Structures are given as structure tokens and as C-alpha cells.
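# Remarks on the overall topology
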Amino acid sequence: MTNSLIVQKYGGTSVGTVERIEQVADRIVKTRKTNTNIVVVVSAMAGETDKLLKMARNLTKNPARREIDLLLSSGERISAALLTIALQARGIPALSMTGRQIGLQTDNTHTRARITNIDTKRAKIMLKKNHVIVVAGFQGINAEGDVTTLGRGGSDTSAVALAVALRAKQCEICTDVDGVYTADPRMVPQARRLDVVSYDEMLEMASLGAKVLQIRCVEFAHKYKMPLIVKSSFKEGDRGTLICEEDSNMEQPVVSGIICDKNQAKITLKEVPDQPGIAANIFEPLASASISVDMIIQNISEQGHTDMSFTLTREDLVEALVIMDKVAKKIHATQILSDAKIAKVSIVGAGMRSHSGVAAQIFKTLSANKINILMISTSEIKVSCIIEQKNSKLAVNALHDAFKMQDKPKNTKKKTTKK
Ligand code: ADP
Ligand code: ASP
Ligand code: MG
């Protein structure tokens with residue numbers, strides 16, 4: 001496609017009311033005056049997806065994922081149609097399209113489907129006719145023609161996938177913050193906006209639950225080297241944050257971001273017989289149900305028994321408990337406990353590869369604030385702690401302060417020691 005094409009995605013708050021939709025339409029009219037071709041991807045109006053989910057869960061605790069997909073896809077369709085109507089009212093040739101109409105094909109994993117292909121034929125024809133295409137984000141269709149959705153925050157991924165398929169110049173994620181910060185600016189008033197973030201660091205931040213971008217959108221952008229810009233839907237002319245390939249001129253702080261994910265839950269199976277095959281018995285059925293498990297802890301075995309705890313996203317808790325009920329009977333666990341009042345606080349930084357003491361500083365800071373750590377996990381460039389949810393704001397602010405993340409770092413040269 002022409003390289004004057006950009007894909008812009010507007011999130012839920014940005015299209016949250018009819019007035020906001022009108023503001024977005026005005027902004028698109030202005031951008032068009034610079035001869036830019038635009039494909040717009042929209043989310044459901046703020047709160048709509050949660051409202052629909054609540055309605056389904058009032059009918060039954062564990063509704064079928066296929067039906068949830070059809071239900072939730074309606075939220076994005078409403079925004080797409082309303083924005084298109086607003087654009088047409090401004091004399092702009094515009095056309096709304098659902099996931100099916102834009103040709104976005106996915107696998108069969110309902111509620112968290114992966115994009116397999118985008119058939120851009122119709123989109124290309126409409127762009128040649130100089131139309132703005134307004135796409136309902138978050139949705140596609142599987143091989144059977146059933147509606148699928150791409151997981152919470154999935155409109156980000158629709159936008160990047162379309163940008164790649166249509167060979168756009170860049171993909172802009174327009175949202176209710178003006179860029180990516182060192183921590184969620186709503187939780188940490190001291191957080192600092194980052195001008196540039198590498199794909200690798202953004203990937204880690206997204207995977208740890210920084211809501212600002214869905215992880216798959218960053219994976220896609222990285223794989224196809226699509227420049228990704230996070231910027232405000234409301235402030236005009238602002239540069240926002242560019243997410244791109246790492247280069248030597250970038251900031252190289254030891255610690256670049258703090259993430260707090262409250263969308264977590266913990267399950268514990270008590271007094272599991274400590275025998276070979278027990279972990280497989282617990283985690284295989286979860287994997288078969290496409291439920292991802294994050295941290296796992298097995299206690300020291302006492303008199304042939306052990307406790308097994310693991311964390312997962314809160315949305316999967318009810319379904320996982322139904323599965324664990326069957327598993328507990330099979331492996332003779334005495335009790336199943338669950339806790340949804342936890343949070344995962346993580347610190348990310350590529351500089352951790354070469355600097356020691358980050359984990360120790362985290363534990364010291366949490367302890368100084370009397371915050372108990374329930375679980376810990378580390379990798380090359382991150383440390384995560386599970387804590388009680390009520391302590392999350394205190395923890396995140398204390399850590400942000402302890403690592404002086406509000407200050408712009410000096411470029412640090414890489415050494416060769418570890419955490
Ligand atoms: P949208 O509806 O536009 O998709 P989201 O709510 O999904 O918006 O994502 C934007 C939100 O992400 C912000 O309002 C902010 O609270 C949150 N957020 C979390 N971590 C960060 C971060 N490091 N930088 C910026 N925003 C963040
Ligand atoms: N509406 C969906 C959600 O709330 C998808 C999105 O907003 O990207 O998760
Ligand atoms: Mg989002």
C-alpha cells in the first residue's frame with residue numbers, strides 16, 4: 001500500500017462518549033488534510049466490554065467462550081459504526097468493517113485467539129477509493145466462520161496486524177495517557193514519560209501486565225519492525241513514546257519500568273501426595289483448556305505430602321477452579337484454596353543483565369514498608385513479587401522512589417555481573 005498510510009487505534013476512553021467520538025472524527029479530518037491515508041481501529045466504548053461480561057456471568061458463572069466472543073464483539077462494532085457515521089457527517093468518505101469484513105482470520109482459541117491471516121483485498125480497494133476504513137478491533141473469525149476475540153486489550157493487536165498487512169508507515173496507539181511511563185502514571189504521580197522504549201523492554205512490560213499495550217501487539221510490531229507510537233487521543237501535536245529496535249543512543253538504565261498487575265489470582269492445592277507425575281496431573285488439564293499459569297511454588301515435602309501453589313490471570317480463576325476440583329479428587333489433594341486479592345509487582349530493566357543488587361534492593365524496600373512477599377520469580381531482565389493487593393500502591397511508589405526512576409538516567413556502560 002502507499003507509504004502515506006498510517007493505522008491509528010483509539011481505545012475505550014477515547015471513544016467513550018458520543019462527544020469523544022466527535023473529537024476523534026475531527027482529529028481524523030485534520031490528519032486527512034495532510035494527505036495521509038488512514039485506517040482507524042476502535043475499541044468498545046469504555047466499560048462496555050466489562051458490562052457485557054457481567055451480564056453473561058449473571059446468567060451463569062462459567063459461560064461458554066464461543067458465546068462470550070459473539071457477545072463481546074458487539075462492543076467494538078458499535079464504536080466503529082458511530083465513528084463512521086460521525087466521519088460521513090463531516091463529508092469524509094468512510095466505511096466501517098467488522099473483523100470478518102476486514103478479513104481478519106484467527107485460530108480457534110475463543111476469547112484469546114491468535115491472528116493467522118488478514119485478507120486485505122477489500123481494504124485495499126476502499127483505500128484506493130480514498131475511504132477512511134474504520135475497523136472494529138479485538139475480533140476476527142475462525143476457519144468455521146465463528147466470531148473470535150483476541151484477548152483483553154486485543155484492539156492494539158488488531159491495529160498492528162493491520163498496519164503490517166497493509167504495509168503502513170507506522171501504527172499509532174491513541175489512548176488516555178500521552179505515552180509509556182516508568183510506571184502507571186495513575187498509580188505513581190512521579191512516573192516519568194519515556195521518549196523511546198525498545199521492543200524487548202516493552203514486550204517484558206506488556207507481558208508483566210502494563211495495560212498500556214497488549215503483549216501480542218508488541219510481538220507483532222517487533223517481528224515485522226513496525227514503528228509503534230503510543231500517544232494521547234486528546235493532546236494534539238504531541239510526540240508520545242516511540243517503541244522501536246534498541247540502539248546505542250537509547251537510555252540504558254538498570255531499571256526501566258515498574259509494573260503492577262492486579263488482575264492476578266492464586267490457587268493452592270493442599271497436601272498433595274509428593275510423587276512423580278503430580279505436577280503433570282495438575283498443569284496438563286489447565287494447558288488443555290488454554291489457561292496459562294504464571295508462577296508455581298511447591299513447598300518442601302513433609303511426611304510424603306506437599307502444597308502446590310500457582311498464579312494465573314483472574315479471568316481464568318473460575319474455570320481453573322472447576323478443573324482443579326476434578327484434579328484434586330484424582331490426586332487426593334485435601335483442599336483447594338484460592339485468593340484473588342493479590343497483585344504482581346515487577347521491575348524490568350535490560351541493565352539487570354549486567355548489574356547486581358536489584359533483587360536485594362527490591363526486597364529491602366518492600367521490607368522497609370512492611371510489605372510481605374508471597375511469591376518471587378526472576379528472569380534475566382525482571383524481578384516479580386506477588387504481594388497482597390491492598391499494598392500495591394505503596395509498593396509501586398516505594399520502589400519507584402528507591403530506584404530513582406523519576407530522574408533521567410545517565411547512559412550506563414554494560415558490566416558483566418548479575419542480579
Ligand atoms: P485503551 O482503552 O486506550 O486501550 P488502556 O486502559 O488499555 O487504554 O491502557 C492505558 C492505561 O494503561 C493508562 O490509562 C494507564 O493507567 C495504564 N498504564 C499501565 N502502565 C502504564 C505505563 N507504564 N505507561 C503508561 N500507561 C500505563
Ligand atoms: N474492548 C476490549 C477490552 O476491553 C478490547 C480492547 O479494548 O482492546 O479488552
Ligand atoms: Mg487497551
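Everything that follows concerns the structure shown earlier in this document.
Quick summary incoming for the structure in this document. (Residues numbered from 1 in each chain as written. Chains lettered and ligands numbered in written order. Predicted model: local features only at pLDDT ≥ 70, side-chain atom pairs only at ≥ 80, totals over all residues. Heavy atoms only, no water.)

Here we come to the overall build of the protein. Across its full length, the protein carries 12 helices and 18 strands. Against the 2.2 N^0.38 benchmark of 22 Å for 419 residues, the protein shows a C-alpha radius of gyration of 23 Å, consistent with a compact globule. Along the three orthogonal principal directions, the C-alpha set of the protein runs to about 75 × 55 × 35 Å. Accessible surface, the protein as shown: approximately 19,500 Å² in total, 51% of it carbon and sulfur. Averaging the coordinates of the 58 positive side-chain charges in the protein and doing the same for the 44 negative ones gives two points 4 Å apart. (Helix = DSSP H or I, 4+ residues; strand = E, 2+ residues; numbered from the N terminus. Rg over C-alpha atoms; globule rule 2.2 N^0.38 Å. Areas by Shrake-Rupley, 256 points an atom, 1.4 Å probe, with all protein chains shown as cover. Lys, Arg positive; Asp, Glu negative; His and termini not counted. Charge placed at Lys NZ, Arg CZ, Asp CG, Glu CD.)

Here the focus is the site of ligand 1. Inspection of the region around ligand 1 gives 16 residues, with Lys9, Thr175, Asp176, Asp184 and Arg186 positioned closest. A distance of 2.9 Å separates an oxygen atom of ligand 1 from a polar side-chain atom of Lys9. At 3.1 Å from an oxygen atom of ligand 1 is found a side-chain nitrogen or oxygen belonging to Lys211. Among the residues making up the shell around ligand 1, the classes are represented as seven nonpolar, four polar and five charged. (Near = heavy atom within 4 Å. Polar contact = N/O pair within 3.5 Å; in protein donor to acceptor, adjacent residues only side chain to side chain. Nonpolar A, V, L, I, M, F, W, Y, C, P; charged D, E, K, R; others polar.)

Right, let's talk about the sheet that holds strand E15 (residues 305-313) for a bit. Strands sit in the order E14-E15-E13-E16-E18-E17 across an open sheet of six strands; the sheet is antiparallel. Each end of this open sheet is capped by a strand with a single partner; those strands are strand E14 (293-298) and strand E17 (375-379). Mean inter-strand twist for the sheet, computed between neighbouring axes without regard to direction, equals 25°. Of the strand pairs in this sheet, E17 and strand E18 (residues 382-388) are connected by five bridges, and their pairing is antiparallel. Paired with Ile376 across the bridge in E18 is Cys385. With respect to the sheet, helix H7 (residues 199-207) is in contact with strand E13 (257-273), strand E16 (335-348), E17 and E18, its orientation differing from that of E16 by roughly 155°. (Pairing = 2+ DSSP bridges. Axes fitted to C-alpha atoms, helices over the stretch in contact; angles between N-to-C directions. Contact = heavy atoms within 4.5 Å.)

The next thing to look at is the site of ligand 2. With respect to spatial proximity, the complete set of residues near ligand 2 consists of Ser43, Ala44, Thr49, Glu76, Phe138, Arg152, Gly153, Gly154 and Ser155. Contact distances for ligand 2 include 2.7 Å between an oxygen atom and a side-chain N or O atom of Arg152. Contact with the protein chains removes 86% of the 260 Å² of surface that ligand 2 exposes when unbound. Within the shell around ligand 2, the residues separate by chemical class into two nonpolar, five polar and two charged.

Turning our attention to the sheet that holds strand E11 (residues 228-232). Paired through backbone hydrogen bonds, the strands of a sheet run either parallel or antiparallel to each other. Overall, mixed pairing links the eight strands, which are arranged E3-E6-E2-E1-E9-E11-E12-E10 in an open sheet. Lying at the two open borders of the sheet, with one neighbouring strand each, are strand E3 (94-97) and strand E10 (196-198). Taking each pair of neighbouring strands and ignoring which way they run, the sheet shows an average axis angle of 20°. Helix H3 (residues 65-89) rests against strand E2 (37-42), E3 and strand E6 (132-136) of the sheet, and its axis sits at about 160° to E6. Against the sheet, helix H5 (residues 121-128) engages strand E1 (5-10), E2, E3 and E6, with an angle of about 165° to E3.

Turning our eyes to something else, we now look at the nonpolar core. Generally speaking, nonpolar side chains in soluble globular proteins are found buried as a group. Grouped together as the largest cluster of nonpolar side chains are 45 residues, with contacts concentrated most on Ile133, Cys171, Leu213, Leu228 and Ile243. The dominant element in this core, judged by the number of residues it contributes, is helix H6 (residues 155-165), at six residues. Those residues in contact with Leu213, other than ones at most four positions away along the chain, are Asp156, Ile173, Met202, Ala206, Val218, Leu228, Val230 and Ile243. By size, the runner-up hydrophobic cluster in this structure holds 25 residues, among which are Ala183, Ile371, Leu399 and Phe403. (Core = buried A, V, L, I, M, F, W, Y, C linked by side-chain atoms within 4.5 Å. Buried < 20%, exposed > 50% of the residue type's maximum accessible area, 1.4 Å probe, protein only.)

Here the second largest pocket is characterised by a volume of approximately 220 Å³. Lining the second largest pocket are 17 residues, and of these Pro253, Val254, Val255, Phe403 and Pro409 sit closest to its centre. (1 Å grid on protein atoms, 1.4 Å probe; cavity = no way out; pocket = protein on both sides within 12 Å on 5 of 7 lines; lining within 4 Å. Points joined across faces, edges and corners; volume = space filled by probe spheres on them.)

Glancing now at the side chain of Asp146. Structurally, Asp146 is set in the loop between strand E7 (139-141) and strand E8 (147-149). With a relative accessible area of 19%, Asp146 lands in the buried category. Looking at Asp146, its side chain comes within polar contact range of the side chain of Arg66, at 3.1 Å. Discounting chain neighbours no more than four positions away, the residues touching Asp146 are Arg66, His110, Gly140 and Ile141.

Before going further, it helps to examine a nonpolar patch on the surface. Side chains of Val18, Ile78, Leu82 and Ile85 sit close together on the surface and give an oily, nonpolar patch of about 320 Å² of accessible area. Within the secondary structure, Ile78 sits in helix H3. The class for Ile78 is partly exposed, based on a relative accessible area of 39%. (Patch = residues over 30% accessible without salt bridge, like charges linked within 9 Å, V, L, I, M, F, W, Y side chains within 5 Å. Salt bridge = Lys/Arg side-chain N within 4 Å of Asp/Glu carboxyl O.)

Taken as a whole and assessed by the stated rule, the structure comprises two cavities of 30 Å³ or more. Of the volumes computed, that of the second largest cavity is approximately 80 Å³. The wall of the second largest cavity is formed by 10 residues, among which Leu194, Val196, Val197, Glu201 and Ser256 lie closest to the centre. Elements that contribute at least two residues to the lining of the second largest cavity include exactly E10 and H7. Grouping the constituent residues of the lining of the second largest cavity by class yields six nonpolar, two polar and two charged.

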